[in-house]
Amino acid sequence: MHQRLHIVLNISPQKLIYYYEGVASTVVTKTTDGRIIRFPAKILRSVVQADGVRGIFELVLDENHKFVSITRVRGT
């Protein structure tokens, strides 16, 4: 069964450069229910917009906690 986490992200275009250059490879953020999670920054590639990555996203993981998908639920 897949696990669905709603996460809050507010990453500016300037900060995204650190992820693309490999300076930072892991994103650390909170879920909407207060848990802190970390995941590989490369997951964000499909949701980057001109203003960075901002909003609430649904992160779907499989039963082995492996990435399945990420989608924007709501912008901020």
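Residues numbered from 1 in each chain as written. Predicted model: local features only at pLDDT ≥ 70, side-chain atom pairs only at ≥ 80, totals over all residues. Heavy atoms only, no water.

Turning next to the sheet that holds strand β1 (residues 3-11). Strand order across the open sheet formed by three strands is β1-β4-β5, with antiparallel pairing between neighbours. At either margin of the open sheet sits one strand with a lone partner, and together these are β1 and β5 (67-74). Here the strands of the sheet are splayed against their neighbours by 30 degrees on average, with no regard to which way each runs. Across six bridges, the pairing between strand β4 (residues 53-61) and β5 is antiparallel. Counted as the bridge partner of Ile56 is Arg74 from β5. This element, helix α1 (residues 13-21), spans β1 and β4 of the sheet and lies at about 115 degrees to β1. (Pairing = 2+ DSSP bridges. Helix = DSSP H or I, 4+ residues; strand = E, 2+ residues; numbered from the N terminus. Axes fitted to C-alpha atoms, helices over the stretch in contact; angles between N-to-C directions. Contact = heavy atoms within 4.5 Å.)

A word on the confidence of the model for the protein. Per-residue pLDDT for the protein has a mean of 92; in total, 99% of the residues score no lower than 70. α1 is the least confidently modelled element of the protein, averaging 87 in pLDDT, while β4 averages 96, the highest of any element. (pLDDT = per-residue confidence, 0-100.)

Among the structural elements, Gly75 can be located in the segment after β5. The spacing of Gly75 and Val27 is 48 residues in sequence and 18 Å in space, taken between C-alpha atoms. Beyond its immediate sequence surroundings of up to four residues, Gly75 is in contact with Arg54 and Gly55.

Where charged atoms of side chains with opposite charge meet at close range, the side chains can pair. Evaluated as defined, the whole model comprises two salt bridges. Between Arg4 and Glu58 there is a salt bridge whose closest N-O contact spans 3.3 Å. Pair noted here: Arg4 is in strand β1 and Glu58 is in strand β4, with a separation of 54 residues, a long-range link. According to the relative accessible area criterion, Glu58 is buried, its value standing at 17%. When the shortest N-O distance is used, the salt bridge between Asp33 and Arg35 registers 3.1 Å. (Salt bridge = Lys/Arg side-chain N within 4 Å of Asp/Glu carboxyl O. Buried < 20%, exposed > 50% of the residue type's maximum accessible area, 1.4 Å probe, protein only.)

Of the strand pairs in this sheet, strand β2 (residues 26-30) and strand β3 (residues 36-40) are connected by five bridges, and their pairing is antiparallel. Residue pairing across strands places Val27 opposite Phe39, the latter belonging to β3. What sits between β2 and β3 in their antiparallel hairpin is a turn of five residues, with Gly34 showing a positive phi close to 95 degrees.

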